[in-house]
Amino acid sequence: MSESTINSATLVGGAVTVADGSVHVHDAPALATDKLDALVHQAVFGATEGERDYARWVIWEIGQHVGVRPASIHQLYVARGEGKCSGFTVPAMNIRAMSYDTARAIFRTAIKLDAGAFLLEIARSEIAYTEQRPAEYVTVMLAAALREGYRGPLFIQGDHFQVNHKKYAVDPVTEVNAVKALVTEAVAAGFYNIDVDTSTLVDLSKATLAEQQRLNYEVCVDITRFVRAAEPAGVTISVGGEIGEVGTENSTPEELDAFMEGFNATLAAHSPGMAGLSKISVQSGTSHGGVVLPDGSIADVALDLDTLETLSKLGRDKYGMAGAVQHGASTLPDAAFSSFPQRETAEIHLATNFQTMAFDHLPPELLQEIYAWLDVNAKDERKATDSDAQFYYKTRKKAIGPFKKTLWSLPAELRAKLGAAYDAKFTFLFTQLGISGTKKWVEQFVTAPVQHRPLPTGASTIIAAPDDADLSD
């Protein structure tokens, strides 16, 4: 891909140029204007792979120059485990639809509240059905930060890099290798935070907790070692494990001990001195996306905050981790969110509500077009007992990828209205979760080394990992 394919004189209105294989930023304030938008659009919807790769490289290099770089939250989480900071819960936000607009609202809010401890994530399943490969996702997150004038490390996370237990039962090597391939692709793109989810391999038929968790921790160690081997210089990737699949029975201290003792012993035996996990995901009563009722409303959640508090404290005091992670929190009532930092929960994952907000703002005619598409393309997912409201609620996420360009191209007035709604939502969440003012903790504990990349000159050598849209998100 030569730099002449896109006229460098027009990059961000001339604020950025490319010469001798390097990016030069002449007018940093211009990055936070609509002059950046065309470059972002090129990075996502460019006519050729070469054009997309070139725009993505330019955005990456701009970020390297001005201090907007992917980073690992590992150091902050270690500090949390050592008691050097506390009183906040890191939101990990899955950005599925209209990613540029959504992320811009996040960064606007972060600037307003001086927040730095937040994660932008996408799950293995979401990568498939939203049609956002890691390289694209990282680019859009970087661009959104630049567009709003945000400066500082960006914590981009691979959520639920999950082993499909059905595929594992048939061919364990191939299934684990599929997750490893995704790790390779994601880390190369700038994902320096990875949630390894092998909790699908827990076998409750075994007599002891150690035996029940054995496959979980052994495969998690295998993937963790692979992650560590992929780390760029100066980066210790934050790796999370999981002991309880969301939507199942609540986790216990005994299960956490069984997993962590097995994980740490196995890791030490294979790779002495290697950094282990910085957090642990548990089950405390939630479900991904919530439970939708026939009228389309969401059932109340019986959240066990005592479990979260107990397991977080155990994770910190005994294992030096930041604490426990709560998945499936997006559909909780507003009154619940202040409880997480009070109970010293390390991290919560939020996704579905942001998607719901986007769909709630769509023009009726577009919504009907999406529903018609689902009637044909998602009909196999419809249960005989599903009402229309239940079916569309559960499956509409599968339309995000096929309708991606349409969603990005919605009228400016509608996007502004949705953006204002997102601003209010993120302001509420960031405040309730106690991450206002956490930029100081990020600056104290986190390093984001400069990582320049060469001008792309041909097809990427990174092969896309196999998709699996049916896993947890």
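Computed from a prediction, not measured in an experiment: that's the story for all the values here. (Residues numbered from 1 in each chain as written. Predicted model: local features only at pLDDT ≥ 70, side-chain atom pairs only at ≥ 80, totals over all residues. Heavy atoms only, no water.)

Visitor: Report on the overall build of the protein chain, specifying residues and quantitative values.
Guide: Counting its secondary structure elements, the protein chain contains 18 helices and ten strands. For 473 residues, the compact-globule estimate of 2.2 N^0.38 gives 23 Å, and the C-alpha radius of gyration of the protein chain, at 21 Å, lies within 12% of that figure. The principal-axis extents of the C-alpha atoms in the protein chain amount to approximately 65 × 55 × 45 Å. Within the protein chain, residue pairs in contact and separated by at least 24 positions form 79% of the contacts whose partners lie at least 6 positions apart. (Helix = DSSP H or I, 4+ residues; strand = E, 2+ residues; numbered from the N terminus. Rg over C-alpha atoms; globule rule 2.2 N^0.38 Å. Contact = heavy atoms within 4.5 Å.)

Visitor: Talk me through the sheet that holds strand E9 (residues 324–326); I want residue IDs and the actual numbers.
Guide: Spatially, E3-E4-E5-E6-E7-E8-E9-E10 is the arrangement adopted by the eight strands of the closed barrel, whose pairing is parallel. Pairwise comparison of adjacent strand axes, ignoring direction, gives a mean angle of 25° for this sheet. With three bridges joining them, strand E7 (residues 238–242) and strand E8 (residues 279–282) adopt parallel strand pairing. Note on E8: the bridge partner recorded for Glu242 is Ser281. Lying on the sheet, helix H3 (residues 74–81) is in contact with strand E3 (90–94), strand E4 (119–123), E7, E8 and strand E10 (347–350); it crosses E7 at an angle near 60°. (Pairing = 2+ DSSP bridges. Axes fitted to C-alpha atoms, helices over the stretch in contact; angles between N-to-C directions.)

Visitor: Can you break down the pattern of salt bridges residue by residue, with the values?
Guide: Pairs can form between side chains of opposite charge whenever their charged atoms are close. On inspection of all chains with the given rule, the structure shows 32 salt bridges. Note that Glu218 and Arg214 form a salt bridge whose closest N and O atoms lie 3.4 Å from each other. Placement of both Glu218 and Arg214 in helix H9 (residues 209–230) is noted, with a separation of four residues, approximately one turn of the helix. A relative accessible area of 33% places Glu218 in the partly exposed class. Asp388 is paired through a salt bridge with Arg382; the nearest N and O atoms lie 2.4 Å apart. For Asp388, a relative accessible area of 44% translates into the label partly exposed. Arg382 gets classed as partly exposed once you look at its relative accessible area, which sits at 31%. (Salt bridge = Lys/Arg side-chain N within 4 Å of Asp/Glu carboxyl O. Buried < 20%, exposed > 50% of the residue type's maximum accessible area, 1.4 Å probe, protein only.)

Visitor: Please provide a residue-by-residue account of the packing of aromatic side chains, values included.
Guide: Summed over all chains, the structure comprises 18 aromatic pairs. Relative to Trp408, the ring of Tyr100 has its centre 6.0 Å away and its plane inclined at 10°; by these criteria the two rings are stacked. With Tyr100 in helix H4 (residues 99–113) and Trp408 in helix H16 (residues 404–408), this residue pair connects regions lying 308 residues apart in the sequence. According to the relative accessible area criterion, Trp408 is buried, its value standing at 10%. Among the aromatic residues, those joined into a cluster by ring pairs are Phe107, Phe118, Tyr150, Phe354, Tyr422, Phe426 and Phe430. Above the ring of Phe88, the side-chain terminus of Arg80 is found at 4.7 Å from the ring centroid. (Phe/Tyr/Trp six-rings, centres within 6.5 Å; stacked < 30°, edge-to-face > 60°. Lys NZ or Arg CZ within 6 Å of the ring centre and 35° of its normal.)

Visitor: Just give me the short version of the environment of Lys439, but keep the residues and values in it.
Guide: Mapped onto the elements, Lys439 comes out in helix H18 (residues 439–445). Here the alpha-carbon distance between Lys439 and Ala117, two residues 322 residues apart in the chain, equals 6.6 Å. Discounting chain neighbours no more than four positions away, the residues touching Lys439 are Asp114, Ala115, Gly116, Tyr150 and Arg151. Reaching out from Lys439, the side chain makes a polar contact with the backbone oxygen of Arg151 at a distance of 2.6 Å. (Polar contact = N/O pair within 3.5 Å; in protein donor to acceptor, adjacent residues only side chain to side chain.)

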